[in-house]
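Summary of the model geometry
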Amino acid sequence: MSIFSASKKKVLVTGGAGFLGFHLCKKLLENGYDVLAIDNLFSGYRNNIIELQKFSSFEFVRMDVKSKMNFKVDIIFNLACPASPVHYQKDPVETLTTCIQGAINVLDLANKNNSIVFQASTSEVYGDPKVHPQTEIYWGNVNPIGHRACYDEGKRCAETLFFDYQRQYKTKIKVARIFNTYGPRMSLDDGRVISNFISQALENKEITIYGNGEQTRSFCYVDDLVSGIIKLTLSEAELSGPVNLGNPDEMKIIQIAKKIIQLTKSKSNITYQSLPMDDPVQRNPDITLAKNKLSWIPKTSLDTGLIKTIDFFKSVINN
Ligand code: UDP
(Lines give C-alpha, C1' and ligand atoms only; values in the text may rest on other atoms or scores of the structure.)
Protein backbone atom coordinates (compact mmCIF):
# COMPACT_ATOMS: atom_id res chain seq x y z
CA MET A 1 0.00 0.00 0.00
CA SER A 2 1.28 3.49 -0.83
CA ILE A 3 2.37 5.64 2.08
CA PHE A 4 1.18 8.72 0.21
CA SER A 5 -2.29 10.27 0.17
CA ALA A 6 -3.86 10.93 -3.21
CA SER A 7 -4.35 14.69 -2.88
CA LYS A 8 -1.61 16.84 -4.37
CA LYS A 9 0.21 18.83 -1.76
CA LYS A 10 2.85 21.52 -1.70
CA VAL A 11 5.85 20.67 0.41
CA LEU A 12 8.83 22.70 1.63
CA VAL A 13 12.11 20.84 2.24
CA THR A 14 14.78 22.88 4.03
CA GLY A 15 18.24 21.50 3.33
CA GLY A 16 16.91 20.08 0.05
CA ALA A 17 20.35 20.02 -1.60
CA GLY A 18 21.88 17.77 1.05
CA PHE A 19 22.21 13.99 1.13
CA LEU A 20 18.93 13.25 2.93
CA GLY A 21 17.23 16.28 1.41
CA PHE A 22 17.92 15.03 -2.11
CA HIS A 23 16.45 11.58 -1.47
CA LEU A 24 13.42 12.98 0.34
CA CYS A 25 12.66 15.52 -2.42
CA LYS A 26 13.03 12.81 -5.09
CA LYS A 27 10.65 10.43 -3.34
CA LEU A 28 8.06 13.18 -2.84
CA LEU A 29 8.33 14.33 -6.47
CA GLU A 30 7.96 10.76 -7.75
CA ASN A 31 4.75 10.55 -5.77
CA GLY A 32 3.11 13.66 -7.17
CA TYR A 33 4.01 16.31 -4.61
CA ASP A 34 5.00 19.86 -5.54
CA VAL A 35 8.34 20.37 -3.85
CA LEU A 36 10.02 23.64 -2.96
CA ALA A 37 13.56 23.13 -1.64
CA ILE A 38 15.67 25.74 0.08
CA ASP A 39 19.37 25.40 0.90
CA ASN A 40 22.27 27.79 1.55
CA LEU A 41 24.64 25.24 -0.06
CA PHE A 42 26.97 25.22 2.99
CA SER A 43 27.03 21.41 2.92
CA GLY A 44 24.46 20.78 0.18
CA TYR A 45 25.33 20.30 -3.50
CA ARG A 46 24.17 22.11 -6.60
CA ASN A 47 24.42 18.79 -8.50
CA ASN A 48 21.60 17.41 -6.37
CA ILE A 49 19.45 20.38 -7.34
CA ILE A 50 20.30 19.96 -11.03
CA GLU A 51 19.12 16.34 -10.84
CA LEU A 52 15.87 17.32 -9.08
CA GLN A 53 15.19 20.06 -11.62
CA LYS A 54 14.33 17.28 -14.11
CA PHE A 55 10.95 17.24 -12.35
CA SER A 56 8.68 20.10 -13.46
CA SER A 57 7.05 20.23 -10.01
CA PHE A 58 10.37 21.03 -8.32
CA GLU A 59 11.50 24.51 -7.38
CA PHE A 60 14.71 25.64 -5.67
CA VAL A 61 15.46 28.83 -3.79
CA ARG A 62 18.95 29.46 -2.49
CA MET A 63 18.33 30.79 1.00
CA ASP A 64 19.23 30.16 4.58
CA VAL A 65 16.76 28.59 7.02
CA LYS A 66 17.84 31.32 9.46
CA SER A 67 16.04 33.88 7.26
CA LYS A 68 12.33 34.48 7.78
CA MET A 69 10.26 32.57 5.21
CA ASN A 70 6.95 33.39 3.66
CA PHE A 71 5.84 30.42 1.54
CA LYS A 72 2.40 28.84 1.19
CA VAL A 73 2.94 25.15 1.91
CA ASP A 74 1.00 22.23 3.37
CA ILE A 75 3.92 20.27 4.83
CA ILE A 76 7.39 21.37 5.96
CA PHE A 77 10.37 19.04 6.35
CA ASN A 78 13.15 20.75 8.32
CA LEU A 79 16.45 19.10 7.37
CA ALA A 80 18.62 22.20 7.09
CA CYS A 81 21.77 21.73 9.17
CA PRO A 82 25.24 20.35 8.46
CA ALA A 83 25.09 16.79 9.84
CA SER A 84 28.51 15.18 9.62
CA PRO A 85 30.91 15.91 12.51
CA VAL A 86 33.47 17.44 10.11
CA HIS A 87 30.89 19.82 8.63
CA TYR A 88 29.03 20.78 11.81
CA GLN A 89 32.27 21.43 13.72
CA LYS A 90 33.68 23.68 10.97
CA ASP A 91 31.60 26.63 12.19
CA PRO A 92 30.03 25.54 15.49
CA VAL A 93 28.33 28.86 16.24
CA GLU A 94 26.69 28.76 12.82
CA THR A 95 25.56 25.15 13.46
CA LEU A 96 23.95 26.01 16.78
CA THR A 97 22.27 29.12 15.37
CA THR A 98 20.98 27.16 12.39
CA CYS A 99 19.40 24.53 14.67
CA ILE A 100 17.66 27.08 16.85
CA GLN A 101 16.74 29.94 14.50
CA GLY A 102 15.88 27.42 11.77
CA ALA A 103 13.48 25.62 14.13
CA ILE A 104 11.80 28.90 15.14
CA ASN A 105 11.38 29.92 11.49
CA VAL A 106 9.85 26.64 10.30
CA LEU A 107 7.56 26.49 13.35
CA ASP A 108 6.35 30.07 12.73
CA LEU A 109 5.79 29.21 9.08
CA ALA A 110 3.84 26.09 10.06
CA ASN A 111 1.62 28.17 12.36
CA LYS A 112 0.97 30.71 9.63
CA ASN A 113 -0.04 27.99 7.14
CA ASN A 114 -1.56 25.57 9.65
CA SER A 115 0.78 23.00 8.10
CA ILE A 116 2.48 19.91 9.50
CA VAL A 117 6.16 20.44 10.33
CA PHE A 118 8.69 17.60 10.50
CA GLN A 119 11.95 18.02 12.40
CA ALA A 120 15.03 15.96 11.54
CA SER A 121 16.38 15.38 15.02
CA THR A 122 19.19 12.95 15.70
CA SER A 123 20.54 10.09 17.77
CA GLU A 124 23.13 12.67 18.91
CA VAL A 125 20.53 13.90 21.44
CA TYR A 126 21.45 10.72 23.38
CA GLY A 127 25.14 11.81 23.41
CA ASP A 128 27.41 8.99 24.65
CA PRO A 129 24.48 6.87 25.84
CA LYS A 130 24.38 4.98 29.12
CA VAL A 131 21.18 3.16 28.10
CA HIS A 132 21.46 0.58 25.35
CA PRO A 133 19.74 0.28 22.93
CA GLN A 134 18.42 3.83 23.03
CA THR A 135 14.69 4.26 23.63
CA GLU A 136 12.89 7.55 23.13
CA ILE A 137 12.29 7.95 26.88
CA TYR A 138 16.05 8.08 27.60
CA TRP A 139 17.17 11.69 28.19
CA GLY A 140 20.74 11.16 27.05
CA ASN A 141 24.28 11.88 28.21
CA VAL A 142 25.56 14.96 26.40
CA ASN A 143 28.66 17.03 27.20
CA PRO A 144 27.26 20.57 26.85
CA ILE A 145 30.66 22.19 26.23
CA GLY A 146 32.37 19.59 24.02
CA HIS A 147 33.13 19.70 20.29
CA ARG A 148 29.92 17.88 19.39
CA ALA A 149 27.74 20.11 21.60
CA CYS A 150 26.98 22.67 18.86
CA TYR A 151 25.06 19.95 17.03
CA ASP A 152 23.85 17.84 19.98
CA GLU A 153 22.61 20.75 22.07
CA GLY A 154 21.35 22.59 18.99
CA LYS A 155 19.21 19.61 18.04
CA ARG A 156 18.09 19.13 21.65
CA CYS A 157 17.05 22.78 21.84
CA ALA A 158 15.21 22.41 18.51
CA GLU A 159 13.26 19.48 20.01
CA THR A 160 12.40 21.69 23.00
CA LEU A 161 11.13 24.39 20.64
CA PHE A 162 9.03 21.88 18.71
CA PHE A 163 7.33 20.51 21.82
CA ASP A 164 6.88 23.99 23.34
CA TYR A 165 5.22 25.21 20.12
CA GLN A 166 2.97 22.15 20.23
CA ARG A 167 1.94 22.85 23.85
CA GLN A 168 1.70 26.63 23.47
CA TYR A 169 0.29 27.04 19.93
CA LYS A 170 -1.02 23.54 19.04
CA THR A 171 1.48 23.39 16.15
CA LYS A 172 1.24 20.11 14.22
CA ILE A 173 4.70 18.68 14.79
CA LYS A 174 6.48 15.44 13.93
CA VAL A 175 9.96 14.73 15.30
CA ALA A 176 12.24 11.86 14.26
CA ARG A 177 15.55 11.00 15.90
CA ILE A 178 17.59 9.85 12.93
CA PHE A 179 20.41 7.36 13.49
CA ASN A 180 23.43 6.90 11.18
CA THR A 181 22.26 6.80 7.57
CA TYR A 182 24.22 6.05 4.41
CA GLY A 183 23.69 5.60 0.70
CA PRO A 184 24.38 7.01 -2.76
CA ARG A 185 24.97 10.79 -2.89
CA MET A 186 26.78 10.97 0.42
CA SER A 187 29.60 13.37 -0.22
CA LEU A 188 32.97 11.70 -0.62
CA ASP A 189 34.66 14.12 1.73
CA ASP A 190 32.10 14.64 4.48
CA GLY A 191 34.32 12.77 6.92
CA ARG A 192 31.74 10.17 7.95
CA VAL A 193 32.80 6.62 8.48
CA ILE A 194 31.04 4.99 5.51
CA SER A 195 32.10 7.66 3.01
CA ASN A 196 35.68 7.74 4.32
CA PHE A 197 36.07 3.95 4.27
CA ILE A 198 34.56 3.50 0.78
CA SER A 199 36.67 6.31 -0.73
CA GLN A 200 39.81 4.98 0.95
CA ALA A 201 39.09 1.37 -0.07
CA LEU A 202 38.39 2.25 -3.71
CA GLU A 203 41.68 4.10 -3.93
CA ASN A 204 43.59 1.39 -2.01
CA LYS A 205 44.53 3.98 0.62
CA GLU A 206 44.83 3.24 4.34
CA ILE A 207 41.50 2.79 6.11
CA THR A 208 41.49 5.20 9.05
CA ILE A 209 39.92 3.76 12.18
CA TYR A 210 39.56 6.27 14.99
CA GLY A 211 40.26 4.67 18.38
CA ASN A 212 40.39 0.87 18.56
CA GLY A 213 37.39 0.29 16.29
CA GLU A 214 35.40 -1.39 19.07
CA GLN A 215 32.84 1.48 19.16
CA THR A 216 29.53 0.56 17.53
CA ARG A 217 27.05 2.20 15.17
CA SER A 218 23.90 0.95 13.41
CA PHE A 219 23.62 1.95 9.76
CA CYS A 220 20.33 2.56 7.96
CA TYR A 221 20.06 2.68 4.17
CA VAL A 222 18.77 6.03 2.96
CA ASP A 223 15.66 4.70 1.13
CA ASP A 224 14.47 3.00 4.33
CA LEU A 225 15.03 6.17 6.30
CA VAL A 226 13.15 8.33 3.80
CA SER A 227 10.17 5.98 3.88
CA GLY A 228 10.20 6.24 7.70
CA ILE A 229 10.28 10.05 7.57
CA ILE A 230 7.33 10.16 5.19
CA LYS A 231 5.32 7.57 7.11
CA LEU A 232 5.83 9.49 10.33
CA THR A 233 4.92 12.83 8.78
CA LEU A 234 1.73 11.58 7.14
CA SER A 235 0.72 9.32 10.03
CA GLU A 236 -2.36 10.06 12.11
CA ALA A 237 -1.13 7.88 14.98
CA GLU A 238 -1.14 9.46 18.46
CA LEU A 239 2.46 10.26 19.42
CA SER A 240 3.52 12.03 22.58
CA GLY A 241 7.18 12.52 21.66
CA PRO A 242 9.94 11.93 19.09
CA VAL A 243 10.32 8.64 17.19
CA ASN A 244 13.63 6.83 16.62
CA LEU A 245 14.32 6.00 12.95
CA GLY A 246 17.30 3.81 12.20
CA ASN A 247 18.43 0.28 11.57
CA PRO A 248 18.98 -1.76 14.76
CA ASP A 249 21.63 -3.94 13.09
CA GLU A 250 24.57 -2.83 15.28
CA MET A 251 28.20 -3.38 14.37
CA LYS A 252 31.69 -2.44 15.47
CA ILE A 253 33.57 0.08 13.34
CA ILE A 254 36.33 -2.50 12.77
CA GLN A 255 33.68 -4.86 11.31
CA ILE A 256 32.41 -2.21 8.92
CA ALA A 257 36.00 -1.54 7.78
CA LYS A 258 36.53 -5.25 7.03
CA LYS A 259 33.16 -5.52 5.26
CA ILE A 260 33.96 -2.55 2.98
CA ILE A 261 37.44 -3.93 2.19
CA GLN A 262 35.81 -7.26 1.26
CA LEU A 263 33.03 -5.74 -0.89
CA THR A 264 35.38 -3.43 -2.79
CA LYS A 265 38.08 -6.15 -3.11
CA SER A 266 40.47 -3.47 -1.85
CA LYS A 267 44.17 -3.85 -1.06
CA SER A 268 43.91 -1.23 1.69
CA ASN A 269 45.44 -1.77 5.13
CA ILE A 270 43.85 -0.56 8.33
CA THR A 271 45.53 2.19 10.38
CA TYR A 272 44.49 3.39 13.82
CA GLN A 273 44.22 7.09 14.66
CA SER A 274 43.16 8.94 17.81
CA LEU A 275 39.50 8.92 18.78
CA PRO A 276 37.75 12.33 18.50
CA MET A 277 36.51 13.92 21.75
CA ASP A 278 33.16 12.60 23.08
CA ASP A 279 32.85 9.99 20.31
CA PRO A 280 29.93 7.77 21.45
CA VAL A 281 30.97 4.23 22.44
CA GLN A 282 27.74 2.44 21.48
CA ARG A 283 24.75 3.40 19.40
CA ASN A 284 21.72 1.34 18.49
CA PRO A 285 18.12 2.50 18.07
CA ASP A 286 15.23 0.80 19.81
CA ILE A 287 12.63 1.11 17.03
CA THR A 288 9.70 -0.52 18.83
CA LEU A 289 7.73 2.74 18.70
CA ALA A 290 8.18 3.15 14.92
CA LYS A 291 7.25 -0.52 14.41
CA ASN A 292 4.09 -0.28 16.52
CA LYS A 293 2.84 3.17 15.55
CA LEU A 294 4.00 3.43 11.92
CA SER A 295 4.43 -0.22 10.89
CA TRP A 296 7.91 0.81 9.78
CA ILE A 297 11.01 -1.31 9.77
CA PRO A 298 14.15 -0.95 7.62
CA LYS A 299 14.26 -3.52 4.82
CA THR A 300 17.69 -3.12 3.19
CA SER A 301 20.52 -5.35 4.36
CA LEU A 302 23.91 -3.77 4.97
CA ASP A 303 25.46 -5.71 2.07
CA THR A 304 22.78 -4.58 -0.41
CA GLY A 305 23.00 -0.96 0.76
CA LEU A 306 26.78 -0.91 0.75
CA ILE A 307 26.98 -2.35 -2.78
CA LYS A 308 24.70 0.44 -4.07
CA THR A 309 26.73 3.05 -2.21
CA ILE A 310 30.04 1.64 -3.49
CA ASP A 311 28.67 1.74 -7.07
CA PHE A 312 27.78 5.40 -6.60
CA PHE A 313 31.24 6.23 -5.23
CA LYS A 314 32.86 4.37 -8.15
CA SER A 315 30.85 6.45 -10.63
CA VAL A 316 31.93 9.70 -8.96
CA ILE A 317 35.59 8.69 -8.70
CA ASN A 318 35.68 7.56 -12.36
CA ASN A 319 34.17 10.82 -13.65
N1 UDP B 1 35.22 6.89 12.25
C2 UDP B 1 36.38 6.19 11.97
N3 UDP B 1 37.10 6.53 10.86
C4 UDP B 1 36.70 7.50 10.00
C5 UDP B 1 35.51 8.21 10.28
C6 UDP B 1 34.80 7.89 11.43
O7 UDP B 1 36.77 5.27 12.71
O8 UDP B 1 37.42 7.73 9.00
C9 UDP B 1 34.44 6.52 13.45
C10 UDP B 1 34.05 7.69 14.35
O11 UDP B 1 35.08 7.97 15.27
C12 UDP B 1 32.80 7.14 15.00
C13 UDP B 1 32.17 6.27 13.93
O14 UDP B 1 33.22 5.97 13.01
O15 UDP B 1 33.13 6.31 16.09
C16 UDP B 1 31.04 6.96 13.17
O17 UDP B 1 31.48 8.21 12.74
P18 UDP B 1 30.62 9.18 11.83
O19 UDP B 1 31.37 10.47 11.74
O20 UDP B 1 30.26 8.50 10.57
O21 UDP B 1 29.24 9.38 12.62
P22 UDP B 1 28.87 9.71 14.13
O23 UDP B 1 30.10 9.72 15.00
O24 UDP B 1 28.23 11.04 14.07
O25 UDP B 1 27.96 8.62 14.52
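That block above? That's the structure.
Bear in mind that the values here come from a model prediction, so they are computed numbers and not experimental data.

**Notes on unusual backbone geometry**
That bond from H132 to P133 is cis: its omega, -10°, falls within 30 degrees of zero. Following the sequence through the fold, P133 ends up in the loop between strand 5 (116–122) and helix 5 (149–169). You will see that N114, though not glycine, has its phi angle at about 55°, which is positive. By the secondary structure assignment, N114 is in the loop between helix 4 (92–113) and strand 5. Residue class for N114 comes out exposed when judged on its relative accessible area of 55%. The phi dihedral of K170 is positive, around 60°, even though this residue is not glycine. With respect to the element layout, K170 can be found in the loop between helix 5 and strand 6 (172–178).

**What to know about the pairing of strand 4 (residues 75–78)**
Burial along strand 4 is two-sided: the face carrying I75 and F77 and the face carrying I76 and N78 are both buried. Across four bridges, the pairing between strand 1 (residues 10–14) and strand 4 is parallel. If you follow V13 over to strand 4, its bridge partner there is F77. Both strand 4 and strand 5 contribute to a ladder of four bridges, which runs parallel. Its bridge partner lying in strand 5, N78 is registered against Q119.

**Description of the packing of helix 6 (residues 193–202) against helix 8 (residues 253–264)**
Relative orientation of the contacting elements helix 6 and helix 8 amounts to 40°, with a least axis distance of 10 Å. Crossing angle aside, the handedness with which helix 6 passes helix 8 is right-handed. Of helix 8, the residues touching helix 6 (which contributes V193, I194, F197, I198, A201 and L202) are I253, I256, A257, I260 and T264. Of the residues in the contact of helix 6 with helix 8, the class split is ten nonpolar, one polar and no charged.

**Examining the environment of P285**
Structurally, P285 can be placed in the loop between strand 13 (270–273) and helix 9 (288–294). Distance in space between the C-alpha atoms of P285 and F179 is 7.1 Å, their sequence separation being 106 residues. Beyond its immediate stretch of four places on either side in the chain, P285 contacts P133, Q134, F179, S218, N244, G246, N247 and P248.

**Focus on the site of the ligand**
The immediate surroundings of the ligand are formed by 18 residues, with T208, Y210, R217, D279 and R283 found nearest. Measuring from an oxygen atom of the ligand, one finds a backbone N or O atom of V193 at 2.8 Å. One nitrogen or oxygen atom from the main chain of Y210 is found 2.8 Å from an oxygen atom belonging to the ligand. When the free accessible area of the ligand is taken as 520 Å², the share hidden by the protein chains comes to 95%. Class assignment of the residues belonging to the shell around the ligand gives a composition of seven nonpolar, five polar and six charged.

**Some words on the environment of Q101**
Here Q101 is to be found in helix 4. Residue Q101 is classed as partly exposed on the basis of its relative accessible area of 29%. In this structure the C-alpha to C-alpha distance between Q101 and I253, which are 152 residues apart in sequence, comes to 34 Å. Among all residues touching Q101, those that are not within four sequence positions of it are V65, K66 and K68.

Calculation notes
- Going along each chain's sequence as written, the residues are numbered from 1 onward.
- The model is predicted, so local features are restricted to residues of pLDDT at least 70 and side-chain atom pairs to those at 80 or more, both for listing and for counting; the totals for chains, interfaces and linings are taken over all residues.
- Only hydrogens and water are set aside; all other atoms, that is, all heavy atoms of the structure, feed into the side-chain values.
- Per the convention used, a helix needs a DSSP run of H or I reaching at least four residues, while a strand needs a run of E reaching at least two, with both numbered from the N terminus.
- In this scheme, a residue with accessible area under 20% of its type's maximum is buried, one over 50% is exposed, and one in between is partly exposed, where area comes from a 1.4 Å probe on protein chains only.
- Strands were regarded as paired on the criterion that DSSP finds at least two bridges between them.
- Lines fitted to C-alpha atoms define the axes, with helix axes restricted to the stretch in contact, and inter-axis angles between N-to-C directions lie between 0 and 180 degrees.
- Left-handed describes a crossing whose near helix is turned anticlockwise from the far helix by less than a right angle; the clockwise case is right-handed.
- Residues count as neighbours in contact if any of their non-hydrogen atoms are within 4.5 Å of one another.
- By the convention adopted, Pro, Cys, Tyr, Trp, Phe, Met, Ile, Leu, Val and Ala count as nonpolar, Lys, Arg, Asp and Glu as charged, and the other residues, Gly among them, as polar.
- We call a residue near a molecule or strand as soon as one heavy atom of that residue lies within 4 Å of the molecule or strand.
- Contacts described as polar in this section are N or O atom pairs within 3.5 Å, which, within protein, must combine one atom able to donate a hydrogen with one able to accept it, while residues neighboring in sequence count only if both atoms come from side chains.
- Note on areas: these come from Shrake-Rupley sampling with a 1.4 Å probe, and a residue is covered only by the protein chains present in the view.

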